[in-house]
Amino acid sequence: RKKWKHWAFADYAKSDYYMANWMVRQLSGTMPNEDVDETHLEKAKQVLRRKILVGISSQWEETIRQFKYYFGWEDKTPFCSLNYIGAKSNANDHPRLERGSENWNIV
């Protein structure tokens, strides 16, 4: 949405578009109109333990190596996966989150 383009995180979090516990809802299959409790959090954590593979962007080469091993990828062209996946085409600078700030407290 165009109007979101210049919103700060706090603007979004205070808007009607914000949904509390969004990731817990997604992972536990909980609808927006349902209350979320500890059982939903535990279900979400189970999903993460069983189904999620995480990479670390600051250690991109090692992340790609582990992905290649896990998925059985083989580069037909040298460094193909590293160049393609490691391109960081969606890398954006973000301000640091300072402890005690409005955004810190929202998160």
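All of these numbers come straight from a predicted model, not from anything done at the bench.

(A) Expanded view of the overall build of the chain. Counting its regular elements, the chain contains six helices and zero strands. Secondary structure elements of the chain occur, N-terminal to C-terminal, as α-α-α-α-α-α. For a compact globule of 107 residues, the expected C-alpha radius of gyration is about 13 Å, and the chain comes in at 18 Å, more than 25% above that figure. The principal-axis extents of the C-alpha atoms in the chain amount to approximately 50 × 35 × 30 Å. Looking at the chain as a whole, 14% of its 107 residues are labelled buried. Of all intrachain contacts in the chain linking residues separated by at least 6 positions in sequence, the fraction that spans at least 24 positions is 19%. With an accessible surface of roughly 9700 Å², the chain has 51% of that area assigned to carbon and sulfur atoms. Of the side-chain charges in the chain, 17 are positive and 14 negative, and the distance between the mean point of each set is 4 Å.

(B) Quick peek at the side chain of Ser15. If you trace the backbone, Ser15 turns up in the loop between helix 1 (9–13) and helix 2 (22–28). At 2.7 Å, the side chain of Ser15 and the backbone oxygen of Tyr12 are in polar contact.

(C) Local environment of unusual backbone geometry. At Asn21, a position not held by glycine, the phi torsion is positive, near 55°. Relative to the helices and strands, Asn21 is located in the loop between helix 1 and helix 2.

(D) Structural detail: the packing of aromatic side chains. Scanning all chains against the criterion turns up nine aromatic pairs. Relative to Tyr12, the ring of Trp4 lies with its centre 6.0 Å away and its plane at 70°, an arrangement referred to as edge-to-face. Geometrically, the ring pair formed by Trp7 and Tyr17 is tilted, given 6.1 Å between the ring centres and 50° between the ring planes. A residue pair is termed long-range when its members are at least 10 positions apart, and Trp7 in the segment before helix 1 and Tyr17 in the loop between helix 1 and helix 2 qualify at ten residues. Through a chain of ring-to-ring contacts, three or more aromatic side chains come together here, namely Trp4, Trp7, Tyr12, Tyr17 and Tyr18.

(E) Expanded view of a negative patch on the surface. A cluster of acidic residues, Glu34, Asp35, Asp37 and Glu38, forms a negative patch on the protein surface. Position of Asp37 among the secondary structure elements: in the loop between helix 2 and helix 3 (38–51). Its relative accessible area of 41% is what places Asp37 among the partly exposed residues.

So, how was this worked out
Residues numbered from 1 in each chain as written. Predicted model: local features only at pLDDT ≥ 70, side-chain atom pairs only at ≥ 80, totals over all residues. Heavy atoms only, no water. Helix = DSSP H or I, 4+ residues; strand = E, 2+ residues; numbered from the N terminus. Rg over C-alpha atoms; globule rule 2.2 N^0.38 Å. Buried < 20%, exposed > 50% of the residue type's maximum accessible area, 1.4 Å probe, protein only. Contact = heavy atoms within 4.5 Å. Areas by Shrake-Rupley, 256 points an atom, 1.4 Å probe, with all protein chains shown as cover. Lys, Arg positive; Asp, Glu negative; His and termini not counted. Charge placed at Lys NZ, Arg CZ, Asp CG, Glu CD. Polar contact = N/O pair within 3.5 Å; in protein donor to acceptor, adjacent residues only side chain to side chain. Phe/Tyr/Trp six-rings, centres within 6.5 Å; stacked < 30°, edge-to-face > 60°. Patch = residues over 30% accessible without salt bridge, like charges linked within 9 Å, V, L, I, M, F, W, Y side chains within 5 Å. Salt bridge = Lys/Arg side-chain N within 4 Å of Asp/Glu carboxyl O.

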